[in-house]
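Given next are the chains, with one letter for each unit.
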Amino acid sequence: MIKIFIIASLILLPLEACDQQDKKQDIEKVHEMAVKNFVTKVWNDKDLSNLETFFSNEFTRRVNNVEIASNIQELSANIQVYFTGFPDLSLSMNEIYSNNDHVFMNWTITGTNTGVFGEFPATGKKIKVKGITRFDIDEMGKFIYEDVYYNELALLQQLGYNLTPPAFE
């Protein structure tokens, strides 16, 4: 009887571990699909009415280590700055990877600066900038944290701006 219990345990424990791993992978795939849908519907279709579909009421968006938004109105306004400056903006996902409730996306944006970008007038110049974003997703499948990093200096240089070194006396 003890032999049967031991043999059954040796067979069932790995099956349970596999089942848990499969569930984890399924959840991660769902999270990746949520990010892909967000990129398609919000960034590439430029439909800001879908933000509440993706973001929790309690979220934070950081861009280059600066908190940009903590509610839908602030988030919408921040994204609109890019849509106004680059009406043809396109965001391509180069890679996407998930781990538990985190999704990491390596991306490239392209566009032509034909509108006002923040406080900068249109330059008519094309841009191509790479970046990375981390999303944290809650148990309801909503984004609770978005952390974006990209080379803002490279973006401004592509628009024709440059750094002026400080004057030393």
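Our structure's up above, just so we're on the same page.
These figures come from a predicted structure and were not determined experimentally.

The rules behind the values
Residues numbered from 1 in each chain as written. Predicted model: local features only at pLDDT ≥ 70, side-chain atom pairs only at ≥ 80, totals over all residues. Heavy atoms only, no water. Helix = DSSP H or I, 4+ residues; strand = E, 2+ residues; numbered from the N terminus. Core = buried A, V, L, I, M, F, W, Y, C linked by side-chain atoms within 4.5 Å. Buried < 20%, exposed > 50% of the residue type's maximum accessible area, 1.4 Å probe, protein only. Contact = heavy atoms within 4.5 Å. Phe/Tyr/Trp six-rings, centres within 6.5 Å; stacked < 30°, edge-to-face > 60°. Lys NZ or Arg CZ within 6 Å of the ring centre and 35° of its normal.

A. Examining the environment of Leu163 more closely. With respect to the helices and strands, Leu163 occurs in the segment after α4 (152–158). For Leu163 and Leu153, which are 10 residues apart along the polypeptide, the C-alpha to C-alpha distance reads 8.6 Å.

B. Focus on the nonpolar core. Grouped together as the largest cluster of nonpolar side chains are 35 residues, with contacts concentrated most on Phe38, Trp43, Leu51, Phe55 and Phe143. At the level of elements, α1 (2–44), α2 (51–54), β1 (55–63), α3 (72–85), β4 (102–112), β5 (126–137) and β6 (143–150) are the ones that each hand at least two residues to this core. In terms of residue count, the dominant contributor to this core is α1 (6 residues). Once residues within four sequence positions are removed from consideration, Phe143 is found in contact with Ala34, Val35, Phe38, Phe54, Phe55, Ser56, Phe59, Phe135, Asp136 and Ile137.

C. Here's a closer look at the packing of aromatic side chains. If you walk through the whole model with that rule in mind, you get 15 aromatic pairs. Residues Phe38 and Phe55 carry aromatic rings whose centres are separated by 5.4 Å and whose planes lie at 75° to one another, so their mutual orientation is edge-to-face. Separated by 17 residues along the polypeptide, Phe38 in helix α1 and Phe55 in strand β1 bring together distant segments of the chain. Above the plane of the ring of Phe83 lies Lys46, whose end atom (NZ or CZ) is 5.7 Å from the centre.

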